[in-house]
Amino acid sequence: MKGVKKRILVLTSASDLYGAGKVVLESVKALTETGHSVVFAASNDGPLCKEVSDLACQVEIIPLAVIRRKYFNFKGVLNRINSFIRSWSALNRIVSTHNIDIVYTNTASVAIGAIYSRKRGLKHLWHIHEIVPGPRILLKCYAHLMRKYCDAVLVVSEAARKHWMSIDSRIEIDLLYNGFDFEVVDDREGLRAELKVSNETLLVGMIARVHFWKGQQYFLEIASHLKSEIKNIKFVMVGDAFPGYEYLYDDIKADIEKLGLKDAVINLGFRTDVHRVLSGLDVFVLPSILPDPLPTTVLEAMASEKPVVATNHGGAPEMVIDNVTGLLVPWDDAEMTAKAILPLLTNSDLRREMGMNGRQRVLKEFSTGEYKRNLVRHIEKL
C-alpha cells in the first residue's frame, strides 16, 4: 500500500560497481530517500557494499548460491547445493531479525530470492538485467520462477522483455529503463598525460567486465583493421574479469600479439575513475558479441558527450540512434565495423555533433528521477 513504509531485503550477486551494481545502488538510494528501510545482502564484499553502507543501511555478506556458467558441471552443482543450504539459513536469520516485508532481487543469477520469498510468504520483486542465452532448460526454470514465484518482474530494456516473453508469454513483465545522475569529468588532457600520448592521437576505448560475450577479442579485431588505416591511434581497454574467468586475460594477450597490436593497445584493467577515462576518449565502442540488455557504459559515454559505436542487438538500439548519437554496427564482421567507424575518426566535427546529441538524449530519456519514481512505485504496489 502506498504510504506504508516497507522493510526491504535487497539481494545482489556481486558488490562491484559495473552496470547492475550501479543500478541497484540507485534503487537503494530511491528506497531510503522515500523512507523505506533497507537491508542489503551481497555474495561478497566490495565497493558497492561501501556505498550502500554510507547510506546508513545494514549490509550483510552471505552466500547467495549465485548461478554462473562455471558451475554447470557435477562438482559445480554440488557446490551450488551446499551454497543454497547456507544461503537459506542466512536469509532466515536476516528476515527474522529485521522483520522483512519484501525481497528485492537484483539480477537473474540470484534465483534463491524468488524461491525463498515464495516459501516464506514474502512479497518478491525480481529486477532482471540479463538476456540469458541458455541452456533452454535453465531458461524454462527462470521463466517458471518469474511467473509463479514473483509478485513483480522488471527488466531493463524492451530487448530483455521480448527475450523472456519468448520463453513464456504468460509472464507479466514491466520495463524500467536504468537512470543515473551522470557524473561528467572534463579531463581530456589528464588521461593522455597518464597514457603518454599526444593530443593529436585518437583514443578509441571500451569499458566492460572481461567476459567472452562482452567482445574484448572482437574489439581487438576491429582495432587491427583501424590501425592499418590510421597511424596515430591507440585503443584503450578498461575492466577486470569475473572470478573464475581470469584465463581470458591470456586469450586477450595472445590476440594482441597475433594481431600486431602490442604498441597500440593500452589495457588499464579495473578503474574507479571511469568518467575520467571517458573524458579522454574520442570514440567509445560497445563490442558485445551477444545481446547486452542495457549496457550502463553506453549511457555514461553518451552523458560524457562521446559518440558511441555499439553492436546492433540487445538494448543498444534503444539507446543509440544510428548516425545521430553514434553508430550501430555488426557483431560478427570486424572489417565492416572498422569501415563504418573510419569516417567518425577522421571528422572531429561529426564526433562532436554525435556526442552532443547523445548527451541530450541520455538526460532526457534515462534520468535518475524517472527511474527512482518508477522503482518506488513498483515497490509500494506490493
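These numbers come from a predicted model, not from an experiment.

Lay out helix H15 (residues 368–381) in plain terms, naming residues and giving numbers.
With 14 residues, H15 should cover 20 Å at 1.5 Å per step; its first-to-last C-alpha distance of 20 Å lies within 8% of that length. Of the positions making up H15, those classed as buried are Thr368, Tyr371, Lys372, Asn374, Leu375, Val376, His378, Ile379 and Glu380. Looking at the packing, one finds that the buried side of H15 touches strand S1 (7–12), helix H1 (19–33), strand S4 (102–106), strand S5 (123–128), strand S6 (152–155) and strand S7 (174–175).

Talk me through a nonpolar patch on the surface; I want residue IDs and the actual numbers.
Together, Phe74, Val77, Leu78, Ile81 and Ile85 line one region of the surface with nonpolar side chains, adding up to about 520 Å² of accessible area. Relative to the elements of secondary structure, Phe74 occurs in helix H3 (residues 74–98). Phe74 sits in the exposed class, given a relative accessible area of 64%.

Run through the pairing of S6, naming residues and quoting values.
Burial along S6 is two-sided: Ala152 and Leu154 and Val153 and Val155, pointing in opposite directions, are all buried. Two strands pair when backbone bridges link them, and S5 and S6 are joined in this way by four bridges, in the parallel orientation. Within S6, the position partnered with Trp126 by the bridge is Val153. Taken together, S5, helix H5 (residues 136–148) and S6 form a β-α-β motif whose crossover is right-handed.

Give me the sheet that holds S7: which residues, what numbers.
Taken together, seven strands build an open sheet; the order of strands is S3-S2-S1-S4-S5-S6-S7 and the sheet is parallel. At either end of the open sheet lies a strand with only one pairing partner, and these are strand S3 (58–61) and S7. Pairing analysis gives five bridges linking S4 to S5, with the strands arranged parallel. Looking at S5, one finds that Asn106 is bridged to His127. Across the sheet, H3 touches S1, strand S2 (37–42) and S3, and the angle it forms with S1 is around 155°.

So what about the layout of surface pockets? Which residues, and what values?
In this structure, the second largest pocket encloses a volume near 460 Å³. If you go around the second largest pocket, you meet 26 residues; those closest to its centre are Ser13, Ser43, Asn44, Arg68 and Pro243. For the lining of the second largest pocket, the leading source of residues is H3, giving three residues. By residue class, the composition of the lining of the second largest pocket is 12 nonpolar, six polar and eight charged.

Account for helix H13 (residues 334–345), naming residues and giving values.
For H13, spanning 12 residues, the distance from its first C-alpha to its last is 16 Å, which sits close to the expected 16 Å at 1.5 Å a residue. Every buried residue of H13 is accounted for by Ala334, Thr337, Ala338, Ile341, Leu344 and Leu345. Around the axis of H13, the buried residues are gathered within 105° of arc, so they sit on the same side. Here H13 starts with a cap whose side-chain oxygen sits 3.3 Å from the backbone nitrogen of Glu335, and that cap is Asp333.

Lay out the pairing of S1 with the relevant residues and their values.
In terms of residue burial, S1 counts as a mostly covered element, since five of its six residues are buried. Here S1 runs beside S2; their pairing, made up of six bridges, is parallel. Bridge pairing in S2 links Thr12 to Ala42. Crossover connection from S1 via H1 to parallel S2: handedness right-handed. Two elements, S1 and S4, share five bridges in a ladder whose sense is parallel. In the sheet register, Leu9 faces S4, and the bridge partner there is Val103.

Before we move on, could you go through the sheet that holds strand S13 (residues 326–329) and cite the residues and values that matter?
With respect to topology, six strands assemble into an open sheet ordered S10-S9-S8-S11-S12-S13, the strand pairing being parallel. Across the chains shown, the open sheet's two edge strands, defined by having one partner strand only, are strand S10 (265–269) and S13. Each strand axis lies, on average, 20° off the axis of its neighbour in the sheet, ignoring direction. Pairing geometry for strand S8 (residues 202–207) and strand S11 (residues 283–286), over two bridges, is parallel.

Now, about the nonpolar core: what can you tell me, with residues and values included?
One finds Phe40, Tyr104 and Phe284 to be the most contacted residues of the largest nonpolar core, which totals 58 residues. Ranked by the residues each element gives to this core, the list is headed by H1, at six residues. If you look at the next biggest cluster of nonpolar residues, it comprises 34 residues, including Leu202, Val204, Val285 and Ala334.

The rules behind the values
Every chain's residues receive numbers from 1 upward, in the order its sequence appears when written. Owing to the predicted nature of the model, reporting of local features is limited to residues with pLDDT of at least 70; listing and counting of side-chain atom pairs is limited to 80 or more, with chain, interface and lining totals taken over all residues. To obtain the side-chain values, all non-hydrogen atoms of the structure were used and water was disregarded. Numbering goes from the N terminus for both helices and strands, where a helix is a DSSP run of H or I of at least four residues and a strand is a run of E of at least two. By this rule, a helix spans an expected 1.5 Å times one less than how many residues it contains. Throughout, exposure labels follow a simple rule: accessible area from a 1.4 Å probe, protein chains only, divided by the maximum for the residue type, with under 20% read as buried, over 50% as exposed, and the rest as partly exposed. A contact between two residues is defined here by any heavy atoms of the two lying within 4.5 Å. Patch membership requires more than 30% relative accessible area and the absence of a salt bridge. Residues of like charge join within 9 Å; the nonpolar side chains Val, Leu, Ile, Met, Phe, Trp and Tyr join within 5 Å. What sets the accessible areas is the Shrake-Rupley method with a 1.4 Å probe; for residues, cover comes only from the shown protein chains. Between Lys or Arg on one side and Asp or Glu on the other, a salt bridge is scored when a side-chain nitrogen of the former is within 4 Å of a carboxyl oxygen of the latter. Two strands form a pair only when DSSP identifies at least two bridges running between them. A clockwise path from the first strand over the helix to the second, with the strands pointing away from the viewer, defines a right-handed crossover. Here, axes are lines fitted to C-alpha atoms. For helices the fit covers the stretch in contact, and angles between N-to-C directions go from 0 to 180 degrees. Both cavities and pockets are sets of points on a 1 Å grid over the protein atoms alone; in a cavity a 1.4 Å probe fits but cannot get out, in a pocket the set is open with protein on both sides within 12 Å along at least five of seven lines, and lining residues sit with an atom within 4 Å of a point. Grid points are joined across faces, edges and corners, and a volume is the space filled by probe spheres set on the points. Classes in brief: Ala, Val, Leu, Ile, Met, Phe, Trp, Tyr, Cys and Pro nonpolar; Asp, Glu, Lys and Arg charged; the others, Gly included, polar. The directions from the helix axis to the C-beta atoms form the arc being described. What qualifies as a polar contact is a pair of N or O atoms within 3.5 Å, subject to a donor-acceptor requirement within protein and to the restriction that residues adjacent in sequence count only when both atoms come from side chains. Among buried residues, the Ala, Val, Leu, Ile, Met, Phe, Trp, Tyr and Cys ones that are joined through side-chain atoms within 4.5 Å form a nonpolar core.

Honestly, that's just the spatial picture; any functional story needs more than this.
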